[in-house]
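Overview (structure and organization)
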Amino acid sequence: MGFMRKTRIIIPCYNEATRLNPKAFLDALDNTSDLSLLFVNDGSTDGTPQILASLKAENPAQVEIVNLEKNSGKAEAVRQGMLTSFLGAYDYIGYWDADLATPLDVIGEFSRLLDSSGAEIVIGSRVRLLGRRIERNALRHYFGRVFATCASILLDISIYDTQCGAKMFRNSEALRHVFGKPFKVAWTFDVEMLARFPIVMNVSPPEASSRWVEVPLLQWADVKGSKLKWRDFFTAALEFCTLFYYLRTPACKTYERYLGTPERA
């Protein structure tokens with residue numbers, strides 16, 4: 001990955017024993033001393049804790065583990081990872097899917113973009129273009145396109161892929177505020193997370209997103225063993241309704257108070 005600013009990547013893990021690739025994580029750490037990985041064990045009941053313990057034993061300086069007693073879901077696992085990371089002096093903080101559907105070498109590219117562009121957020125985007133290897137189930141791809149269109153309308157932001165599990169952020173007060181309170185939804189928390197930035201910054205969504213960058217990934221692949229089931233698509237639809245309630249109805253004032261931010265004029 002080469003030189004990068006001090007970066008922390010959070011990897012939420014729930015029963016990932018058959019999908020974790022310890023060598024890939026250790027190789028990434030060997031390439032730069034400025035990268036650290038925080039694995040959040042989200043109440044796993046398989047061999048995940050033992051694999052994570054062995055990773056830490058291999059590289060205790062760059063691997064940290066947070067163990068949650070019970071399964072709380074990806075949203076809360078990432079949030080707890082963020083709260084722990086805020087205690088360190090990291091320039092950039094991100095989160096990555098444990099199955100490495102997005103290769104870890106993309107972290108260096110994201111870091112360079114944050115350096116060179118002055119962006120606040122870099123988001124991986126699974127765009128099927130010539131010369132790129134985006135291997136995704138067709139039905140999930142088309143459902144994702146419908147969901148992304150609805151998310152763009154809800155957020156009032158033109159965004160191609162809210163749900164890609166590879167995101168990096170500049171460590172800022174706004175980021176700390178965004179992750180300060182538990183999310184109202186679980187599967188679609190990425191949408192709620194992005195919606196919080198304009199609220200905590202007290203600016204319009206287009207103004208907040210003017211310093212966000214989407215990066216079309218060169219490679220992304222569905223990894224066998226995904227916990228995403230068809231019923232979860234219905235859950236996502238229900239969560240979208242929940243977000244609409246909090247973001248686009250009079251309840252938005254209550255939601256702003258929940259985040260602890262000044263109400264808009």
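The structure presented is a predicted model; accordingly, all values stated were derived computationally and were not measured. (Residues numbered from 1 in each chain as written. Predicted model: local features only at pLDDT ≥ 70, side-chain atom pairs only at ≥ 80, totals over all residues. Heavy atoms only, no water.)

**Some points on the overall build of the protein chain**
Spelled out, the test is: In this description a helix means any DSSP run of H or I spanning at least four residues, a strand means any run of E spanning at least two, and both kinds are numbered starting from the N terminus. Here the term buried applies to any residue with accessible area under 20% of the maximum for its type, exposed to any over 50%, and partly exposed to those in between, with areas from a 1.4 Å probe on protein chains only. When checking whether two residues touch, look at their non-hydrogen atoms; a contact exists if any pair is within 4.5 Å.
Across its full length, the protein chain carries 10 helices and 9 strands. Counting only residues that meet the buried cut, the protein chain has 51% of its 265 residues in that class. For the protein chain, long-range pairs separated by at least 24 residues make up 80% of all intrachain contacts whose partners lie at least 6 apart in sequence.

**Quick look at the pairing of strand E7 (residues 166–170)**
We apply this condition: Pairing between two strands requires that DSSP report at least two bridges joining them.
The buried fraction of E7 is high, at 4 of 5 residues. Note: strand E5 (residues 121–125) against E7, 3 bridges, orientation antiparallel. Looking at E7, one finds that valine 122 is bridged to methionine 168.

**Concerning the packing of aromatic side chains**
Any aromatic ring pair is given by two values, namely how distant the centres are and how the planes are angled relative to each other. Note the threshold: Two rings from Phe, Tyr or Trp (for Trp, the six-membered ring) form a pair when their centres are within 6.5 Å of each other. A pair whose planes differ by under 30 degrees is stacked, one over 60 is edge-to-face, and the rest are tilted. Two conditions define a charge located above a ring, namely a distance within 6 Å from the ring centre to NZ of Lys or CZ of Arg, and an angle within 35 degrees of the ring normal.
As enumerated under the stated definition, the model contains 13 aromatic pairs in all. Plain terms: the ring middles of phenylalanine 169 and phenylalanine 197 are 6.3 Å apart, the flat faces sit at 10° to each other, and that makes the pair stacked. Taken together, the positions of phenylalanine 169 in strand E7 and phenylalanine 197 in helix H7 (residues 189–201) put the pair 28 residues apart, joining distant regions of the chain. For the residue pair phenylalanine 169 and phenylalanine 197, the accessibility class agrees, reading buried in each case. Taken together, the ring pairs in this structure connect Tyr95, Phe169, Phe179, Phe183, Phe189, Phe197 and Trp212 into an aromatic cluster. Its end group placed over the ring of tyrosine 90, lysine 6 keeps NZ or CZ at 5.3 Å from the ring centre. Just above the ring of tyrosine 160 sits the side chain of arginine 145; from NZ or CZ to the centre is 3.6 Å.

**Here's the deal with unusual backbone geometry**
Leaving glycine aside, a negative phi is the common case for residues, and trans is the common case for peptide bonds. Within the chain, leucine 100 stands out as a residue other than glycine whose phi angle is a positive 55°. Relative to the assigned elements, leucine 100 resides in the loop between strand E4 (92–96) and helix H4 (106–117).

**Overview of the UniProt feature "domain: Glycosyltransferase 2-like" (unreviewed entry) in the protein chain**
For the record, the criterion: UniProt positions are given in the numbering used here, feature names are shortened, and annotations may be inferred rather than shown by experiment.
When the UniProt feature table is mapped to this numbering, "domain: Glycosyltransferase 2-like" (unreviewed entry) covers residues 9–165. Helix makes up 39% of residues 9–165 and strand makes up 20%, while its end C-alpha atoms are separated by 12 Å.

**Describing helix H3 (residues 74–85)**
What counts is decided by this rule: Each helix should span, by expectation, one fewer than its residue count multiplied by 1.5 Å.
Counted at 1.5 Å a residue, the expected span for H3 with its 12 residues is 16 Å, and the 16 Å between its end C-alpha atoms agrees. Listed in full, the buried residues belonging to H3 are Ala75, Glu76, Ala77, Val78, Arg79, Gly81, Met82 and Ser85.

**Examining the pattern of salt bridges**
In plain terms, the rule: One side-chain nitrogen of Lys or Arg within 4 Å of one carboxyl oxygen of Asp or Glu is enough to make a salt bridge.
A full pass over the atoms with the stated rule returns 13 salt bridges. The partner of arginine 19 in a salt bridge is aspartate 99, with the nearest N and O atoms 3.4 Å apart. Residue arginine 19 is located in the loop between strand E1 (7–13) and helix H1 (22–30), and its partner aspartate 99 is located in the loop between E4 and H4; the two are separated by 80 residues in the primary sequence. Under the relative-accessibility criterion, arginine 19 is labelled buried at 12%. Of the charged contacts in the structure, one is a salt bridge between glutamate 192 and arginine 196, with a shortest N-O distance of 3.1 Å. Highlighted residues: glutamate 192 and arginine 196, both in helix H7, separated by 4 residues, approximately one helical turn. Residue class for glutamate 192 comes out buried when judged on its relative accessible area of 0%.

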